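Structure at a glance
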Amino acid sequence: MYNDYRVVVNTAAGRRRYMQYLIPYVVSSGIVDRYDIWVNTHNGADIEFFKQVAAQFPVVNLVWQPDGVVSGNASINAFYKDCVESDTIYFKLDDDIIWMEPGLIEKMVKFRIDNPHYFLVTPLVINNALSTYLLEMDGKIKLDAYYNSSAAHPFLWRSGIFARELHEWFLDKYLKTGKWDTLHVGRKEMGMTRFSINAVLWFGDEMRKFGGVVPGDDEEFLSCIYPTQRGISNAWNGDAIAAHFAFFTQREQLDKAQILEKYGEVCRSQAMTDSRLAESFSEVSRILDVVNAHEPELMQRESPYRRVVNPETLRGKVKKMLPSWVLDFKSVLDGKKEQQRSGFIVG
């Protein structure tokens, strides 16, 4: 509870390799009443990980896909229908939020209560195109050129090279030195624009106005369509920072650079100053080791959900017709093209 509001955190899950870092922050928070893990996967090892986490931490509540079907992002929308409780603040976190500044959950809930006129509020998120734009406009980061405000920016959102440079910049200059608060930019409003909803808070009472029915692309609807229809805006609390690992186009580059492991080292080191957080990290790590040790047999378990066969696209049909050497050659060329574009951050 916080100021008479129930606080419910939720995550569409997910991948245990990322959530080993996210879960300790949530379960060790003193104001979280419930942590809903939306089980949106067929992966038997990940599901077992969530079950063991729920058994260890009473605040964790596993929520099963209401329609009994999992199809990536397409099956997430059904979960929102339960996010409409009165006098409740919901804080949705992507499963690959891998670091939070101390006290972020409480700071964001307070900001939510203090600013009820916004639909969504979000912290400043490292590796989020519009958050990067804010850092650029406030002179907190110096880029090699001006990059415009776009949620799907070809570099700020898509590029694995840019994401690697951004994470390394943040890790080396701000996390390891403990100076992340120097990146704070204050409150920033936004309207009629899409942004990546890596970490967002809303009131259950507001979501209940449309019954939690989220059509189509949840990010487009929640960040842009609904608030525009209602004539309301969203906002950043730029005085609270979280780190988001990767968009799907970035993962290969970040894995090569071992970015996730570097954040893991920082998370565990910083947790040593907070006994409750340190204990949570230790317990989650223990569970992860147990699950990983039994991964082969866990992956053989039958999924609790129906599988959806997505209709094949024209592009997919064409790719099947092409010889493998053509696809390999294109992959090499694409990789070289991206590798040639680097040096985004100059200060």
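This structure is a prediction, so every number in the text was calculated from the model and none was measured.

In terms of regular secondary structure, the chain is built from 13 helices and eleven strands. For 347 residues, the compact-globule estimate of 2.2 N^0.38 gives 20 Å, and the C-alpha radius of gyration of the chain, at 20 Å, lies within 12% of that figure. The C-alpha extent of the chain, read off along each of the three principal axes, is 60 × 50 × 45 Å. Burial statistics for the chain: of 347 residues in total, 54% are counted as buried. Within the chain, counting contacts between residues at least 6 apart in sequence, those at least 24 apart form 81% of the total. Taken as a whole, the chain presents about 16000 Å² of accessible surface, with 51% of it coming from carbon and sulfur. Charged side chains in the chain number 41 positive and 45 negative. The centres of these two groups are separated by 5 Å.

Moving on, we come to the packing of aromatic side chains. In total, this model carries 26 aromatic pairs according to the counting rule given. Between the aromatic rings of Trp64 and Tyr305, the centroid separation amounts to 6.1 Å while the plane-to-plane angle is 50°, which identifies the pairing as tilted. On the criterion of sequence distance, the pair formed by Trp64 in strand S3 (residues 60-64) and Tyr305 in the loop between helix H11 (295-298) and strand S11 (306-307) is long-range, its members being 241 residues apart. The exposure class assigned to Tyr305 is buried, which follows from its relative accessible area of 7%. Taken together, a centroid distance of 6.4 Å and an interplanar angle of 65° make the contact between Phe119 and Phe210 edge-to-face. One end of the pair, Phe119, is in the loop between helix H3 (104-114) and strand S7 (121-126); the other, Phe210, is in the loop between helix H6 (204-207) and helix H7 (218-230), with 91 residues separating them in the sequence.

Formed by 120 residues in total, the largest nonpolar core has its most connected members in Tyr35, Phe49, Trp99, Phe170, Leu222 and Tyr263. Among all residues touching Phe49, those that are not within four sequence positions of it are Arg16, Met19, Gln20, Ile23, Val284, Ile287, Leu288 and Val291.

Residues of the chain with pLDDT of at least 70 account for 95%, and the chain-wide mean is 94. Within the chain, strand S9 (residues 199-203) carries the highest mean pLDDT (99), whereas helix H13 (residues 324-340) carries the lowest (59).

Looking now at H7. Along H7, the sharpest kink reaches roughly 25°, centred on Cys224 and followed within four residues by the proline Pro227. Along H7, the positions that sit buried rather than exposed are Asp218, Glu219, Phe221, Leu222, Ser223, Cys224, Tyr226 and Pro227. On its buried face, H7 sits against H6 and strand S10 (234-244). The backbone nitrogen of Glu219 lies 2.9 Å from a side-chain oxygen of the residue at the head of H7, namely Asp217.

The linkage connecting Ala13 with the following residue, Gly14, adopts the cis geometry, with an omega of -10°. The residue Met192 is not glycine, and still its phi comes out positive at about 55°. Locating Met192 in the fold gives a position in the loop between strand S8 (187-190) and S9. Positive phi is not limited to glycine here, since Gln258 has a value of about 55°. Here Gln258 is to be found in the loop between helix H8 (251-256) and helix H9 (259-271). When its relative accessible area of 48% is taken as the criterion, Gln258 is described as partly exposed.

A separate point is the packing of helix H5 (residues 160-175) against H9. Look at H5 against H9: their axes get within 11 Å of each other, and the N-to-C directions meet at 25°. By the criterion of interaxial angle, the relationship of H5 to H9 is roughly parallel. Regarding H5 and H9, the two cross each other, and that crossing is left-handed. Residue-level contacts link Arg164, His167, Glu168, Phe170, Leu171 and Leu175 of H5 to Ile259, Lys262, Tyr263, Val266 and Gln270 of H9. Partitioning the contact of H5 with H9 into residue classes produces six nonpolar, two polar and three charged.

For any two helices packed against each other, one specifies the crossing angle of their axes together with the interaxial distance. Across the interface, H9 lies against helix H10 (residues 275-293) with an axial gap of 8 Å and an inter-helix angle of 135°. Between H9 and H10, the crossing angle belongs to the class labelled oblique. Contact residues: H9 offers Cys267, Arg268 and Ala271, while H10 offers Leu277, Ala278 and Phe281.

This brings us to the environment of Val284. Assignment of secondary structure puts Val284 in helix H10. A relative accessible area of 0% means that Val284 is categorised as buried.

Right, let's get into the environment of Phe111. If you trace the backbone, Phe111 turns up in helix H3. Note on Phe111: relative accessible area 10%, which makes it buried. Apart from the residues lying within four places of it in its own chain, the contact partners of Phe111 are Val121, Arg187, Ala235, Trp236 and Asn237.

This brings us to the pattern of salt bridges. Under the defined criterion, the tally for this structure stands at 24 salt bridges. Linking Arg16 and Asp46 is a salt bridge whose minimum nitrogen-to-oxygen distance equals 2.7 Å. Taken as a pair, Arg16 in helix H1 (residues 16-27) and Asp46 in helix H2 (residues 44-56) lie far apart in primary sequence, 30 residues in all. Assigned by exposure class, Arg16 and Asp46 land together as buried. Notably, a salt bridge pairs Glu295 with Arg16, separated by 3.0 Å at the nearest N-O pair. Pair noted here: Glu295 is in helix H11 and Arg16 is in helix H1, with a separation of 279 residues, a long-range link. By relative accessible area, Glu295 is classed as partly exposed at 32%.

Calculation criteria
- Residues numbered from 1 in each chain as written.
- Predicted model: local features only at pLDDT ≥ 70, side-chain atom pairs only at ≥ 80, totals over all residues.
- Heavy atoms only, no water.
- Helix = DSSP H or I, 4+ residues; strand = E, 2+ residues; numbered from the N terminus.
- Rg over C-alpha atoms; globule rule 2.2 N^0.38 Å.
- Buried < 20%, exposed > 50% of the residue type's maximum accessible area, 1.4 Å probe, protein only.
- Contact = heavy atoms within 4.5 Å.
- Areas by Shrake-Rupley, 256 points an atom, 1.4 Å probe, with all protein chains shown as cover.
- Lys, Arg positive; Asp, Glu negative; His and termini not counted.
- Charge placed at Lys NZ, Arg CZ, Asp CG, Glu CD.
- Phe/Tyr/Trp six-rings, centres within 6.5 Å; stacked < 30°, edge-to-face > 60°.
- Core = buried A, V, L, I, M, F, W, Y, C linked by side-chain atoms within 4.5 Å.
- pLDDT = per-residue confidence, 0-100.
- Bend = angle between axes of the 7 residues up to and from the residue.
- Polar contact = N/O pair within 3.5 Å; in protein donor to acceptor, adjacent residues only side chain to side chain.
- Axes fitted to C-alpha atoms, helices over the stretch in contact; angles between N-to-C directions.
- Parallel < 35°, antiparallel > 145°, perpendicular 65-115°, else oblique.
- Left-handed = near helix turned anticlockwise from the far one by under 90°.
- Nonpolar A, V, L, I, M, F, W, Y, C, P; charged D, E, K, R; others polar.
- Salt bridge = Lys/Arg side-chain N within 4 Å of Asp/Glu carboxyl O.

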